[in-house]
Amino acid sequence: MDKIWNYIGQSKEGLSVIENILLAKGITDEGEIEEFLSDKPKKTYDPFIMKNMDKVVEKIKYYLDNNKKIVIFGDYDVDGVTSTSLLVEFFRNVTDNIDYYIPNRFSEGYGLNKEAIKYVKEEMDGDLIITVDNGISSFSEVEYAKEIGIDIIVTDHHNPPEKLPECLIINVKQEDDQYPFKELCGCGVSFKLAQALQRTLNLPKGLLTNALDLVTLGTIADIVPLVDENRTLVKYGFKIINSNRRLGLSVLREIVGLKDKEITSGRIGFILGPCFNAAGRLEDAKLGVKLLLEKDKDNAIKLGNILYKLNKERQNVQEEGQKYCEHLVKEKYMDYDFLVLRADGVSEGVIGIIAGRIKDLFYKPTLVVTESDEGYLKGSGRSIKGINIYDELVSMSDLFIGFGGHEMACGFSIEKDKLDELRERLNNRAKEIKSEDPNIFVPKLDIIAEIKPEDLTINLIEQVSKLEPYGMGNPKPLFMIKDVTVNNNRTKGCGKTKKHLKFSGKKNNIYLNGIGFSMAEDYNKMNEPNAVDLAFNPEINEYNGKVSPQMIIQDFKRCD
């Protein structure tokens, strides 16, 4: 699929490559530059600025002082698992009367439900539920909790609906909240609650420091912007992770083959995070909480191996579901601009991942639905830049049994007989958006700088690495080299299935090498071009003791 290359870079005379990149990001103040590049950033905010934080701390202190049972009510994704682990671990320092509950994705679904609340009350003897990463839309569930005599505090980061639960709420996105940074994940919100409690209860600050690895896992896995306070939390969190302070994480690192490798955003997003997600997608998310809280090495190894095997199983289930959905699009929905795919028989635990892959493949917002045991359809969606999928669902809320989400992802349930109407209404809406912006369904690459071959050095890569950690809001910088002569004898498919592209070329008598993942087929369609423009991320390649720069190619354009 052809991509639009947007040149967003700056080339101000007298500035280094890094300074020009920061200029393109709008970071020009000397203090802001220092903060962005610092190994010890300081940008963080007083948790008591958050609306209701003082009241929430006061209420929790009452339950602690009276030795009443507190139950953390989590979610089955990485953000929910890390949020749950963080608060359970924190409260264990001040009370033995702490427990947690995570709903089963298949039998209970997302968030608070009345059966779970009843279970917490009657079977767990709970007095106070603190939700993490959920609860902001649970109006009726909170009312039910009041009826049966259990108190609830909601902590969440999702967009609030018009009608909020009538209880104490911590969510920086709620109206009149003055907290200056609005992009914390659920675990980030949990951390700010722990921070407020640590101050009030006069506990050691080390309790917070030790929790930053959990915040880092949740922040990166939930794909919130890695800017501002998130950048501060994650930078310190990586130091904790890479020092192997948490037994469960260090064991999992070894099991997945990352024992001697630095943990980065990419390795959390593509290797570690999916292991925790797999538990919630296929079996029980509590396995992830248990691993993160485990103190016995033998038990940690057992749990880590379970998560690793579940993730392997998830990959196989996902691959089959993805093949089916790809076929469905090509057979029936190529003319649609908003894809709504029914895939009965595909596990609802993987439909979100499949929606993301189909979205990437066809570059269209995508919903994937599957039939639930209850007889209605459960769906998950992923969107493209410029289309707020949550807002689109809000505009069609009359069709849903329930829904939630944010700009780029959503989850929902719907009766079977309303799916066709949803598909047509979303497609009509997409065509309206397309008429206003014809290029919205064309993928785009933001090029930060055009460089010469002689600029592609180890020193450049080391300088660029100061911009890490990468993620949403701070993507890896993309560079461009134009008019590279191709060595067609050495540029070819590689890997077991030859689907990856091994590139070899030359410009200004300098040899250039790179790898383009899953790009061999697209390259072969150009029928051996003499010269190409390359868009790439620079990376260090280590092979047989030799260190050299290489290009991780993201796109190419024929220019001969």
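Given the structure is predicted, the values throughout are model-derived calculations rather than measurements. Counting starts from 1 at the beginning of each chain's written sequence and moves along it residue by residue. Whole-chain, interface and lining totals are the exception, using all residues; otherwise, since this is a predicted model, local features are given only for residues with pLDDT of at least 70 and side-chain atom pairs are given and counted only at 80 or more. Side-chain metrics rest on all non-hydrogen atoms present in the structure, leaving aside hydrogens and water.

K.L.:
For this particular structure, what's the right way to read the overall build of the protein chain?
P.N.:
Counting secondary structure elements, the protein chain contains 19 helices and 18 strands. Only C-alpha atoms enter the radius of gyration; for comparison, a globular chain is expected to reach 2.2 Å times N to the power 0.38, where N is the number of residues. In summary, the protein chain has a C-alpha radius of gyration of 25 Å against a globular reference of 24 Å for 560 residues, a match within 12%. Projected onto its principal axes, the C-alpha positions of the protein chain cover 75 × 55 × 50 Å. The rule is simple: take the accessible area with a 1.4 Å probe, protein chains only, and divide by the maximum for that residue type; under 20% is buried, over 50% is exposed, in between is partly exposed. Here the protein chain, with 560 residues, has 52% of them falling under the buried criterion. Contacts in the protein chain between residues far apart in sequence, at least 24 positions, make up 67% of those at least 6 positions apart. Total accessible area on the protein chain is roughly 26,000 Å²; 45% of this is exposed by carbon and sulfur atoms. Strands here are runs of E lasting at least two residues and helices are runs of H or I lasting at least four, both read from the DSSP assignment and numbered beginning at the N terminus. In what follows, residue pairs with any heavy atoms lying within 4.5 Å of each other are defined as contacts. Computed with a 1.4 Å probe, the accessible areas rest on the Shrake-Rupley method; for each residue, only the protein chains presented here act as cover.

K.L.:
How should I be thinking about the sheet that holds strand β3 (residues 98-101) in this particular structure?
P.N.:
Two strands in a sheet stick together by hydrogen bonds in their backbones, pointing the same way (parallel) or opposite ways (antiparallel). Here the rule is simple: two strands pair whenever DSSP picks up at least two bridges between them. Here 5 strands make up an open sheet; going across it, the order is β3-β2-β4-β5-β6 and the pairing parallel. Each of the sheet's edge strands pairs with one partner strand only, and the pair in question is β3 and β6 (168-170). Pairwise comparison of adjacent strand axes, ignoring direction, gives a mean angle of 20° for this sheet. Where strand β4 (residues 128-131) and strand β5 (residues 151-155) come together, 4 bridges link them in parallel fashion. Bridging from a neighbouring strand, T131 pairs with V154 of β5. All axes are obtained by fitting lines to C-alpha atoms, using only the stretch in contact for helices, and the reported angles, taken between N-to-C directions, cover 0 to 180 degrees.

K.L.:
Is there a simple way to explain unusual backbone geometry in this structure?
P.N.:
Residues other than glycine predominantly adopt negative phi, and peptide bonds predominantly adopt the trans conformation. Along the chain, E468 connects to P469 via a cis peptide bond; the corresponding omega equals 5°. Mapping P469 onto the fold places it in the loop between α18 (458-464) and β13 (478-486). Positive phi is not limited to glycine here, since I223 has a value of about 55°. Residue position: I223 is located in the loop between α9 (212-221) and α10 (228-242).

K.L.:
Before we go on, may I ask you to explain a positive patch on the surface in this structure?
P.N.:
Together, R490, K492, K498 and K502 give the surface a local cluster of positive charge. Take K502: it is sitting in strand β15 (residues 500-507). A residue is classified by how much of its surface remains accessible, and K502, at 44% relative accessible area, is partly exposed. In this analysis, a patch consists of residues with relative accessible area above 30% that form no salt bridge, clustered at 9 Å for like charges and at 5 Å for the nonpolar side chains Val, Leu, Ile, Met, Phe, Trp and Tyr. One speaks of a salt bridge when a side-chain nitrogen belonging to Lys or Arg is within 4 Å of a carboxyl oxygen belonging to Asp or Glu. Only four residue types enter the tally: Lys and Arg on the positive side, Asp and Glu on the negative side; His and the chain ends are excluded. Where a charge sits is defined by one atom per residue type, namely NZ (Lys), CZ (Arg), CG (Asp) or CD (Glu).

K.L.:
What is the right way to read helix α1 (residues 17-24) from this model?
P.N.:
Taken as a whole, α1 has its buried residues at I18, N20, I21 and L22. At the exit of α1 stands G26, carrying a positive phi of roughly 85°.

K.L.:
Looking at this model, I keep getting lost on helix α5 (residues 114-122). Mind explaining?
P.N.:
In an α-helix, one turn spans 3.6 residues; hence positions three or four apart end up facing the same way. Every buried residue of α5 is accounted for by A116, I117 and V120. Considered in projection along α5, the buried side chains sweep an arc of 100° and stay on one side of the axis. Buried residues in α5 make contact with β2 (70-73), β3, β4, α6 (139-148) and β5. Polar contacts here mean pairs of N or O atoms no more than 3.5 Å apart (in protein, one a potential hydrogen donor and the other a potential acceptor; neighbouring residues in sequence count only if both atoms are side-chain atoms). Its side-chain oxygen at 3.3 Å from the backbone nitrogen of E115, N113 defines the N-terminal cap of α5. Throughout, the arc means the angular range of directions from the helix axis out to the C-beta atoms.

K.L.:
What exactly am I supposed to notice about empty space enclosed by the protein here?
P.N.:
With a probe scaled to a water molecule rolled over the atoms, the places where space remains empty come into view. Site definitions follow a grid-based scheme: protein atoms alone, a 1 Å grid, a 1.4 Å probe that fits but cannot get out for cavities, and for pockets an open set with protein on both sides within 12 Å along at least five of seven lines, plus lining residues having an atom within 4 Å of a point. Grid points are joined across faces, edges and corners, and a volume is the space filled by probe spheres set on the points. Summed over all chains, the structure comprises 1 cavity of 30 Å³ or more. When the residues that make up the lining of the largest cavity are grouped by side-chain class, the tally is 5 nonpolar, 2 polar and 3 charged. Gly is placed with the polar residues, together with every amino acid not listed as nonpolar (Ala, Val, Leu, Ile, Met, Phe, Trp, Tyr, Cys and Pro) or charged (Asp, Glu, Lys and Arg).

K.L.:
Just checking my understanding: could you explain the pattern of salt bridges for this structure?
P.N.:
Proximity of charged atoms lets side chains of opposite charge pair with each other. Using the criterion set out here, one finds 26 salt bridges in the structure. Ionic pairing is found between E32 and K43, a salt bridge with its closest N-O pair at 3.1 Å. Note that E32 is positioned in helix α2 (residues 30-37) and K43 in the loop between α2 and α3 (53-65), a separation of 11 residues in sequence. Close ionic contact of R425 with D398 constitutes a salt bridge, the shortest N to O distance being 3.2 Å. Taken as a pair, R425 in helix α17 (residues 419-436) and D398 in the loop between α16 (389-394) and β10 (400-405) lie far apart in primary sequence, 27 residues in all. Among the residues examined, R425 registers a relative accessible area of 25% and is labelled partly exposed. Salt bridges sharing partners connect three or more residues here, namely R342, D344, E371 and K416.

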